[in-house]
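Here's the letter readout for the chains.
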Amino acid sequence: MALCAKSPDSGAAWRTGFVLCALAAGVLVFLEWRRGEVSAREVLVLAVVLRVVVFPMTPTLSDDGFRYVWDGMIQAESGVNPYHFAPSDSELSSSHEEFIYEQMNSRDYYSVYPPISQLVFAVSGFLYPFSWLASWYGIKLILLGGELAGLFLLSRMANPRNLLLYAWHPLVVLETAGQGHGEALVVGLLIASIWAVHQTRPSFAGGAIAAAGWVKLVPFVFAPFIVRRLGWRAAVVGFTFTVMLAAPYAESYTIPHVQESLDLYVRSFEFNAGPYLAIKGIAASIGFGDVSKTLGPALQWLFLLSLPIVFVLDWWKSWSIGWAMIIVLSLFLVCSTTVHPWYLVPLLALAPLVMERDAGRWFGLGWAVLGTASMATYWRYAGPSWGYDLAVWLGWILWMSFMIVAISKAGLPRLMRQRASKKWRRIQTILSRPLDSSARVLDLGAGEGFVGEAIHKSTDAQVTLVDVVDFNQTPFPLTLYDGHRLPFEDNSFDLCVVIFVLHHAGDMEQTLREATRVTEGPIAILESVYESNWQHWLLDRLDRLANRIRSAGEMTSREKHLHFRTDAEWRSIFKRLGLHVEHATIEGRWVHQQALYLVQKG
């Protein structure tokens with residue numbers, strides 16, 4: 001990947017080689033993540049090796065590095081405040097013959113890099129008399145040192161499997177050690193602030209987040225989340241550090257010049273911003289014309305207005321600091337008009353901290369996939385004409401798919417618990433006598449276990465969960481069932497509930513026989529039924545989709561047994577097995593008719 005990462009002048013073939021290598025590397029990292037057999041030491045050692053491999057790279061993919069060297073050079077050699085003049089201003093004409101001046105973009109813009117970044121550039125600027133490369137490698141060495149320190153701290157807080165998804169990601173390796181973007185140092189400081197929150201060290205956390213904000217401005221929005229957790233000391237230290245670090249560059253022109261460049265940036269630049277480009281395209285298609293000049297600032301305001309809402313949710317839900325940060329940073333990127341690949345680096349660093357949760361895993365994977373696809377946006381400057389557009393839309397569509405699953409994973413358990421309680425209330429209405437704490441209940445085909453949980457909460461009955469696969473999400477233990485014989489004695493239970501299970505059973509009649517054998521009392525069966533071929537087709541498709549989402553693919557192997565039946569067919573089966581139907585009702589719309597049966601040994 002590094003060898004192919006030549007400047008656009010080298011031709012489309014080299015850039016295509018780079019993109020293909022980057023995509024292949026992203027796939028390999030994902031496969032290694034799936035395998036999961038890796039230690040923290042292995043992750044850290046290979047992470048260092050990969051960064052050493054790409055460290056010799058020059059700014060061939062992004063010319064930001066030349067601006068870094070320029071800002072450092074004018075500070076070290078001329079004592080010029082980098083916010084005072086744009087590079088093209090006549091006051092700096094004595095440096096216009098320098099090699100780096102010709103390589104820079106946006107020479108008419110004032111510098112927007114915050115004070116900590118400028119201090120890093122200035123320190124490395126003292127190496128400029130040796131060569132611009134000496135200054136360039138000096139900048140990268142400082143940034144990389146901060147990133148590796150953050151990676152080490154991250155290894156103390158995340159498991160190795162999830163850690164490698166950041167540490168080995170080709171985008172991370174390339175943009176930190178290869179192209180030397182300031183996000184490398186942001187990662188180190190953000191992870192340090194999270195570590196300080198975990199260690200309850202308010203002064204350290206406040207100082208770290210202030211420093212991160214003066215590398216890239218966005219981390220300042222994390223300050224309220226840290227102060228909420230650690231109190232006034234974090235706020236005082238953070239504010240003090242913010243002022244002290246800004247003081248060397250504070251002049252009357254600093255804020256107006258930076259604001260001018262940032263405003264032009266938001267209004268004029270657009271790159272790899274899927275949501276922004278989608279809204280812009282829709283607006284144009286319905287007759288609003290080009291809304292780019294107003295849409296960028298509007299999205300900025302949308303992000304700022306969303307912050308209080310996220311803060312309230314963080315307080316209400318008691319999120320981890322890592323989860324709060326990744327939500328905020330995600331909103332920032334979704335509302336951006338420009339999402340250069342390196343903008344994703346801090347978010348990818350936060351992802352391992354939330355991936356232990358089911359929803360967090362899909363969330364982190366979605367951003368990792370977008371990061372891999374974003375490597376192909378380098379086709380914009382050299383490559384096939386369709387390459388950039390394909391990379392943007394495919395990357396963001398895949399990202400959206402992962403986000404939908406993540407959101408469903410976050411909200412699905414609550415919804416399913418509500419539905420489970422509703423199902424149990426329906427069953428309660430048809431029981432001849434209520435259950436008490438002495439009752440023994442079998443939840444056969446328990447799935448997540450939510451129906452069994454609802455039964456226990458409302459009656460205090462003894463509940464046993466059984467299923468052929470284990471994706472139980474309740475505190476109750478689950479017994480695995482081989483599909484042929486239940487591991488219980490005859491008449492072990494007073495009630496058996498079988499909720500939307502039998503249409504998945506490999507041998508449905510044997511499952512019912514076993515339920516009858518181990519149950520002394522009634523068996524409550526809730527099943528999907530149909531009347532027309534169209535209803536049957538729809539049931540089949542919806543059931544496959546719902547169960548794949550619920551079980552993260554664990555139920556896919558059961559789809560070969562999928563078999564829905566009509567009400568008449570169920571009644572015939574019960575009669576054949578010697579089961580007396582004590583109650584039967586059919587509810588629901590034509591899309592999903594649900595039959596509730598209460599049967600007992602004849």
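Residues numbered from 1 in each chain as written. Predicted model: local features only at pLDDT ≥ 70, side-chain atom pairs only at ≥ 80, totals over all residues. Heavy atoms only, no water.

With that out of the way, let us pick up the pairing of strand 1 (residues 440-444). Burial runs high along strand 1: four of the five residues are buried. Across five bridges, the pairing between strand 1 and strand 2 (residues 462-467) is parallel. Its bridge partner being in strand 2, leucine 442 is matched across the sheet by threonine 464. Of the crossover connections in this fold, the one passing from strand 1 over helix 20 (residues 450-459) to the parallel strand 2 is right-handed. Sheet topology places strand 1 next to strand 4 (residues 495-499); three bridges connect them, and they run parallel. Paired with leucine 442 across the strands is cysteine 496, a residue of strand 4. (Buried < 20%, exposed > 50% of the residue type's maximum accessible area, 1.4 Å probe, protein only. Helix = DSSP H or I, 4+ residues; strand = E, 2+ residues; numbered from the N terminus. Pairing = 2+ DSSP bridges. Right-handed = clockwise from strand over helix to strand, strands pointing away.)

Here the focus is the packing of aromatic side chains. Enumeration according to the criterion identifies 29 aromatic pairs in this entry. Seen in terms of ring centroids, tryptophan 195 and phenylalanine 204 are 5.7 Å apart; in terms of plane orientation they differ by 70°. Their pairing is edge-to-face. The partly exposed category is assigned to phenylalanine 204, whose relative accessible area is 37%. Aromatic pair tryptophan 534 and tryptophan 537: ring centres 5.3 Å apart, planes at 15°, arrangement stacked. (Phe/Tyr/Trp six-rings, centres within 6.5 Å; stacked < 30°, edge-to-face > 60°.)

This paragraph deals with the sheet that holds strand 7 (residues 593-601). Overall, mixed pairing links the seven strands, which are arranged 3-2-1-4-5-7-6 in an open sheet. The strands lining the two open edges of the sheet, one partner per strand, are strand 3 (478-480) and strand 6 (579-587). Across this sheet, the average inter-strand angle for adjacent strands is 20°, counted without regard to direction. Examined bridge by bridge, strand 5 (residues 523-529) and strand 7 share seven bridges and lie antiparallel to one another. Paired with glutamate 527 across the two strands is alanine 595, which belongs to strand 7. Lying over the sheet, helix 19 (residues 387-428) contacts strand 4, strand 5, strand 6 and strand 7, oriented at roughly 130° with respect to strand 4. (Axes fitted to C-alpha atoms, helices over the stretch in contact; angles between N-to-C directions. Contact = heavy atoms within 4.5 Å.)

Looking now at unusual backbone geometry. A negative phi angle characterises most non-glycine residues, just as the trans form characterises most peptide bonds. Within the chain, asparagine 272 stands out as a residue other than glycine whose phi angle is a positive 50°. Assignment of secondary structure puts asparagine 272 in the loop between helix 13 (254-268) and helix 14 (274-285). Although it is not a glycine, serine 318 sits at a positive phi angle of roughly 55°. With respect to the secondary-structure elements, serine 318 resides in the loop between helix 15 (292-317) and helix 16 (321-334).

Before going further, it helps to examine the nonpolar core. Phe18, Tyr166, Ile226, Met325, Ile326 and Trp367 are the most contacted members of the largest nonpolar core, which totals 128 residues. If one sorts the elements of this core by residue count, helix 9 (residues 183-198) sits on top with eleven residues. Setting aside residues up to four positions removed in sequence, isoleucine 326 forms contacts with Leu347, Leu350, Ala351, Val354 and Phe363. By size, the runner-up hydrophobic cluster in this structure holds 28 residues, among which are Leu412, Ile427, Ala446 and Ala454. (Core = buried A, V, L, I, M, F, W, Y, C linked by side-chain atoms within 4.5 Å.)

So, about a nonpolar patch on the surface. On the surface, Val27, Leu28, Phe30 and Leu31 cluster together into a nonpolar patch covering about 360 Å² of accessible area. With respect to the helices and strands, leucine 31 occurs in helix 1 (residues 12-35). (Patch = residues over 30% accessible without salt bridge, like charges linked within 9 Å, V, L, I, M, F, W, Y side chains within 5 Å. Areas by Shrake-Rupley, 256 points an atom, 1.4 Å probe, with all protein chains shown as cover. Salt bridge = Lys/Arg side-chain N within 4 Å of Asp/Glu carboxyl O.)

The next subject is the packing of helix 1 against helix 18 (residues 358-374). At their nearest, the axes of helix 1 and helix 18 sit 9 Å apart, and the two run at 160° to each other. Judged by the inter-axis angle, helix 1 sits roughly antiparallel to helix 18. Between helix 1 and helix 18 the crossing geometry is right-handed. Side by side, helix 1 and helix 18 meet where Ala22, Leu23, Gly26, Phe30 and Trp33 of the first sit next to Arg361, Leu365, Thr372 and Ala373 of the second. Class assignment of the residues belonging to the contact of helix 1 with helix 18 gives a composition of six nonpolar, two polar and one charged. (Parallel < 35°, antiparallel > 145°, perpendicular 65-115°, else oblique. Left-handed = near helix turned anticlockwise from the far one by under 90°. Nonpolar A, V, L, I, M, F, W, Y, C, P; charged D, E, K, R; others polar.)

Relative to the helices and strands, histidine 340 is located in the loop between helix 16 and helix 17 (345-350). The exposure class assigned to histidine 340 is buried, which follows from its relative accessible area of 16%. Note: C-alpha distance between histidine 340 and isoleucine 407 (67 residues apart in sequence) is 25 Å. Each residue touching histidine 340, except ones within four places of it in the same chain, is listed here: Tyr265, Phe271 and Tyr381.

Our focus in this paragraph is the pattern of salt bridges. Scanning all chains against the criterion turns up 20 salt bridges. In this structure, glutamate 509 engages arginine 576 in a salt bridge whose closest nitrogen and oxygen atoms are separated by 2.4 Å. Taken together, the residues glutamate 509 in helix 21 (residues 508-518) and arginine 576 in helix 23 (residues 567-576) connect sequence positions 67 residues apart. As a salt-bridge pair, arginine 571 and aspartate 567 come within 3.2 Å of each other at their nearest N and O atoms. Placement of the pair is arginine 571 and aspartate 567 together in helix 23, with a separation of four residues, close to one helical turn. Accessibility expressed as a relative area gives 39% for arginine 571, which makes it partly exposed.

Mean pLDDT over the protein: 92, with 97% of residues reaching 70 or higher. The element-level mean pLDDT for the protein is lowest in helix 22 (residues 533-551), coming to 77, with helix 17 highest at 98. (pLDDT = per-residue confidence, 0-100.)

In this section: the side chain of serine 492. In this fold, serine 492 is placed in the loop between strand 3 and strand 4. Of the polar contacts made by the side chain of serine 492, one reaches the backbone oxygen of glutamate 489; its length is 2.5 Å. With near-sequence residues (within four places) excluded, serine 492 lies in contact with Arg440 and Val518. (Polar contact = N/O pair within 3.5 Å; in protein donor to acceptor, adjacent residues only side chain to side chain.)

Among the eleven residues of helix 5 (residues 115-125), nine are classified as buried, and the element is accordingly described as predominantly covered. Of all the residues in helix 5, the buried ones are Pro115, Ile116, Ser117, Gln118, Val120, Phe121, Ala122, Ser124 and Gly125. In this fold, the buried residues of helix 5 make contact with helix 3 (64-78), helix 6 (132-155), helix 9, helix 10 (202-213) and helix 12 (232-246).

With that out of the way, let us pick up the packing of helix 18 against helix 19. With their axes 8 Å apart at the nearest point, helix 18 and helix 19 run at an angle of 175° to one another. Taken together, the axes of helix 18 and helix 19 are roughly antiparallel relative to one another. Within the contact between the two elements, helix 18 uses Asp358, Ala359, Trp362, Phe363, Leu365, Gly366, Trp367, Val369, Leu370 and Ala373 and helix 19 uses Ala391, Gly395, Trp396, Leu398, Trp399, Phe402, Met403, Val405, Ala406, Lys409 and Ala410. Broken down by class, the residue content of the contact of helix 18 with helix 19 amounts to 17 nonpolar, two polar and two charged.

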